[in-house]
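Here are the chains, one letter per residue:
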Number of protein chains: 2
Amino acid sequence: MSGRNTERQPKYQRIAAELRAAIEAGEYGPGERLPGENDLMAAHGVARMTARQALGVLQAQGIVEARKGAGVFVRDFKPIRRRGIERLSHSQWGSGRSIWEADAEGRDLVVDSVEVAEEEAPAVVAGMLDLPDGARVCVRRRRFVLDGKPVLLSTSYLAAELVAGTPITQPDTGPGGTYARLEDLGRKPVRFREEIRSRMPSAEEADRLALPAGVPVMLVVRTAFDEEGVAVEVNEMALDSSAYILEYDFEA
Amino acid sequence: MSGRNTERQPKYQRIAAELRAAIEAGEYGPGERLPGENDLMAAHGVARMTARQALGVLQAQGIVEARKGAGVFVRDFKPIRRRGIERLSHSQWGSGRSIWEADAEGRDLVVDSVEVAEEEAPAVVAGMLDLPDGARVCVRRRRFVLDGKPVLLSTSYLAAELVAGTPITQPDTGPGGTYARLEDLGRKPVRFREEIRSRMPSAEEADRLALPAGVPVMLVVRTAFDEEGVAVEVNEMALDSSAYILEYDFEA
DNA sequence: TAGTGGTCTAGACCACTAA
DNA sequence: TAGTGGTCTAGACCACTAA
């Protein structure tokens, strides 16, 4: 402790910056344990709440993860590359493969839970599908798990009238999935739109994706259009942002 | 206080959930002031640090913003729709318009600061541009401001040798911008790749984008390829995620 | 069982905002 | 100038982890 306050910066920020620099310098590698609250209290002569605040900064930045009873650890990052356009080409699902198999690249990406129900369409979805307010939709909710870690929540909406009696209302939609079945119905998807947002997760999303503090979700809303330009499906997805890179390739 | 602990949930989370429900019920609209620390201390009989923790939850979720000396306020959200593919069509920049003008849609989107320099290429960028390690690149750093609020930081890299002596090394690159100048050089971009990630901002990004706590950044890395399939430009962007929706339209 | 992070108290002082 | 959020202390007890 040289003077009263060498820098015009709060103590907790100085401690956080110091730890961050140490991580970036490789002093603490991915998965390694950082000095804990007690270490920081002793090393910097601060109160517990101040040491916690410093660690809180790194957690909020998503570069560190606290495990209660064990310590604070450096996080690592090995994302899935999701090729937005090729994965949805007709040759993919037309050949009977599922879309998300294209993302896996040899890793273990599986559907963990499927839930199919008929419900009233949320207002925004009804609008996008060009259905009257309060129309019935078939809702397919799925969770995708990569190497044991949930990475994606997907909720797909289709007009109930359109898909009644087809495998789309079943947990297993058959080879090529929903899009292949829409083709069977004469409503082949020929154009897609994906909208991407990002924000911090809701409590439920954080729970279902097992997200540590400081990790945002990416929200992808995909709309599939048939040859007439009519929207046939809306799929709302919440992605663990530490697990994904979204890639789009296109011509000028 | 009815019992010792009615729910098996920390006080600060209960208070946060209560406030969140009130916001969602419309009791506090966008821009309105929430009960502050002192109000919460009195209303719930808790210590200052506990009241702060409750407000901290809402800040971390990005639905609330604290203004020192003034109070805690509900945040609002009116995003820019960025059409990933059309905005980069040749008809856009070929006609002398700038790409980002396509995003503005009547709002006041301006370049706030431009910085051009020749530097050594960062290793990843050198790799993407297929340049030898340590090669010189022209680096163009810009900040975009929408209605007075910074929303986008852009850093563009081009081989120094390629662009030497052209307007690309000047702050103002002329009508149609960098891509039109690359066309002049016989290296017209014909294909683009955009990679999207999301994470919490670094301290510098949060500062330059004036981001409140709890708002992530979206990172877009665009690579432009010429007719030979050679990468001619890499553009790394950091976007205020509360200001943008990214949209991609494509065929099956 | 020793150590860890998580929650919480009851104070204090500060810079800042807005009336 | 009164009120606000931001920082900080020096304690306490808890559930949990890992040896």
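Residues numbered from 1 in each chain as written. Chains lettered and ligands numbered in written order. Predicted model: local features only at pLDDT ≥ 70, side-chain atom pairs only at ≥ 80, totals over all residues. Heavy atoms only, no water.

## Considering the pairing of strand β10 (residues 244-251) of chain B
Line of reasoning, step 1. Counting buried residues along β10(B), seven of its eight residues qualify, which places the element largely inside the surrounding structure.
Line of reasoning, step 2. Bridge count between strand β7 (residues 191-199) of chain A and β10(B): six bridges; the pairing is antiparallel. If you follow A:F192 over to β10(B), its bridge partner there is B:F250. (Buried < 20%, exposed > 50% of the residue type's maximum accessible area, 1.4 Å probe, protein only. Helix = DSSP H or I, 4+ residues; strand = E, 2+ residues; numbered from the N terminus. Pairing = 2+ DSSP bridges.)

## Here's the deal with the protein's contact with DNA strand C
Line of reasoning, step 1. Within the structure, DNA strand C sits among 28 residues, and A:N38, B:K11, B:Y12, B:A47 and B:T50 are positioned closest to it.
Line of reasoning, step 2. Near-protein atoms of DNA strand C (within 4 Å) split between backbone and bases, with sugar and phosphate holding 70%.
Line of reasoning, step 3. A distance of 3.4 Å is found between a phosphate oxygen of DNA strand C and a backbone nitrogen or oxygen belonging to A:V72.
Line of reasoning, step 4. In this structure, B:Y12 approaches DNA strand C through a side-chain N or O atom, which is 2.5 Å from a phosphate oxygen. (Near = heavy atom within 4 Å. Polar contact = N/O pair within 3.5 Å; in protein donor to acceptor, adjacent residues only side chain to side chain.)

## Some words on the packing of helix α1 (residues 11-24) of chain A against helix α3 (residues 48-60) of chain A
Residues and elements named next belong to chain A.
Line of reasoning, step 1. One way to put it is that α1 packs onto α3 with a least axis distance of 8 Å and a crossing angle of 50°. Our classification of the angle between α1 and α3 gives oblique. For the pair α1 and α3, the crossing hand works out as right-handed. Taken together, the residues of α3 that come into contact with α1 (itself represented by K11, Y12, I15, A16, L19 and R20) are T50, Q53, A54, L55, V57 and L58.
Line of reasoning, step 2. When its residues are assigned to classes, the contact of α1 with α3 shows eight nonpolar, two polar and two charged. (Axes fitted to C-alpha atoms, helices over the stretch in contact; angles between N-to-C directions. Parallel < 35°, antiparallel > 145°, perpendicular 65-115°, else oblique. Left-handed = near helix turned anticlockwise from the far one by under 90°. Contact = heavy atoms within 4.5 Å. Nonpolar A, V, L, I, M, F, W, Y, C, P; charged D, E, K, R; others polar.)

## Thoughts on the protein's contact with DNA strand D
Line of reasoning, step 1. In the neighbourhood of DNA strand D, 28 residues make up the surrounding shell, with A:K11, A:Y12, A:A47, A:T50 and B:N38 lying closest.
Line of reasoning, step 2. A breakdown of the atoms of DNA strand D within 4 Å of the protein gives sugar and phosphate a share of 70%.
Line of reasoning, step 3. In this structure, A:G69 approaches DNA strand D through a main-chain N or O atom, which is 3.4 Å from a sugar or linking oxygen.
Line of reasoning, step 4. One of the side-chain N or O atoms of B:N38 is found 2.8 Å from a phosphate oxygen in DNA strand D.
Line of reasoning, step 5. Elements that contribute at least two residues to the surface near DNA strand D include exactly α1 and α3 of chain A together with α2 (37-44), α3 (48-60), β1 (64-67) and β2 (71-74) of chain B.
Line of reasoning, step 6. Residue classes in the surface near DNA strand D are distributed as ten nonpolar, nine polar and nine charged.

## Structural notes on the interface of chain A and chain B
Line of reasoning, step 1. In this assembly, 38 residues from chain A lie in contact with 39 residues from chain B.
Line of reasoning, step 2. Between chain A and chain B, the buried area comes to about 3200 Å², and carbon and sulfur atoms account for 58% of it.
Line of reasoning, step 3. Summed over the three residues of chain A that lose the most area to chain B, namely A:M200, A:F250 and A:A252, the buried surface amounts to 22% of that side.
Line of reasoning, step 4. Applying the counting criterion to the chain A and chain B interface returns eight salt bridges.
Line of reasoning, step 5. B:E247 is the salt-bridge partner of A:R193, the closest N and O atoms lying 3.3 Å from each other.
Line of reasoning, step 6. The interface formed by chain A and chain B includes 19 residue pairs in polar contact (both at pLDDT 80 or more).
Line of reasoning, step 7. Put simply, the parts of the chain that give the side of chain A that touches chain B at least two residues each are α3, α4 (90-93), β7 and β10 (244-251) of chain A. (Buried area = accessible area lost by both parts, 1.4 Å probe. Salt bridge = Lys/Arg side-chain N within 4 Å of Asp/Glu carboxyl O.)

## Quick notes on the sheet that holds strand β7 (residues 191-199) of chain B
Line of reasoning, step 1. Judged by pairing direction, the sheet is mixed, and its eight strands sit side by side in the order β3(A)-β10(A)-β7(B)-β8(B)-β9(B)-β6(B)-β5(B)-β4(B) without closing on themselves. Strands with a single pairing partner mark the edges of an open sheet, and in this sheet they are β3 (80-83) of chain A together with β4 (109-120) of chain B. Here the strands of the sheet are splayed against their neighbours by 20° on average, with no regard to which way each runs.
Line of reasoning, step 2. Across nine bridges, strand β8 (residues 217-225) of chain B lies against strand β9 (residues 231-240) of chain B in antiparallel orientation. Across the sheet, B:T223 pairs through a bridge with B:V234, a residue of β9(B).

## Looking at the pattern of salt bridges
Pairing of side chains with opposite charge becomes possible as their charged atoms draw close.
Line of reasoning, step 1. All chains considered together, the criterion is met by 50 salt bridges over all chains.
Line of reasoning, step 2. Ionic pairing is found between B:R97 and B:E101, a salt bridge with its closest N-O pair at 3.7 Å.
Line of reasoning, step 3. According to the relative accessible area criterion, B:E101 is partly exposed, its value standing at 37%.
Line of reasoning, step 4. In this structure, B:R199 and B:E205 form a salt bridge, with 2.9 Å as the shortest nitrogen-oxygen distance.
Line of reasoning, step 5. In this structure B:E205 comes out as buried when scored by relative accessible area, which is 14%.
Line of reasoning, step 6. A single salt-bridge network, built from bridges that share partners, covers A:R81, A:R83, A:E247, A:D249, B:R191, B:R193, B:E195 and B:R197.

## Here's the deal with the packing of aromatic side chains
Line of reasoning, step 1. This structure, assessed with the given rule, holds eleven aromatic pairs over all chains.
Line of reasoning, step 2. Consider the rings of A:W100 and A:F144, whose centres lie 5.4 Å apart with planes at 65°: the pair is edge-to-face. With a gap of 44 residues between them, A:W100 in the loop between α4 and α5 (101-104) and A:F144 in strand β5 (residues 136-146) connect regions that are remote in the sequence.
Line of reasoning, step 3. With a relative accessible area of 21%, A:W100 lands in the partly exposed category.
Line of reasoning, step 4. An aromatic cluster is present here, built from A:W93, A:Y179, A:F192, A:Y248, A:F250, B:W93, B:Y179, B:F192, B:Y248 and B:F250 joined pairwise through their rings. (Phe/Tyr/Trp six-rings, centres within 6.5 Å; stacked < 30°, edge-to-face > 60°.)

## Digging into the relation of the copies chain A and chain B
Line of reasoning, step 1. When chain A is fitted to chain B, the best match, at an RMSD of 0.2 Å, comes from turning it 180° and sliding it 0.1 Å along the axis. What we have between these two chains is a two-fold relation.
Line of reasoning, step 2. Of all interface residues in chain A, 100% are interface residues in chain B too; the two copies therefore contact each other through one and the same surface. (Least-squares fit on C-alpha atoms with pLDDT ≥ 70 in both.)

## Notes on α1(A)
Residues and elements named next belong to chain A.
Line of reasoning, step 1. The end-to-end C-alpha distance of α1 is 20 Å, a good match for the 20 Å that 14 residues give at a rise of 1.5 Å each.
Line of reasoning, step 2. Those residues of α1 that sit buried are I15, A16, L19, A22 and I23. Seen from one end, α1 has its buried residues packed into an arc of 125°, which puts them on one side. Along α1, the residues that are exposed and aim more than 90 degrees away from the buried face are E18 and E24.
Line of reasoning, step 3. Against α2 (37-44), α3, β1 (64-67) and β2 (71-74) lie the buried residues of α1.
Line of reasoning, step 4. The positive-phi residue at the C-terminal boundary of α1 is G26, with phi of around 85°. (Expected span 1.5 Å × (residues − 1). Arc of directions from axis to C-beta.)

## Describing the domain arrangement of chain A
Line of reasoning, step 1. Under the domain assignment used here, chain A contains domain 1 (11-74) and domain 2 (80-247).
Line of reasoning, step 2. Of note, the centres of domain 1 of chain A and domain 2 of chain A, computed from C-alpha atoms alone, are 38 Å apart. (Domains from an automatic or database assignment.)

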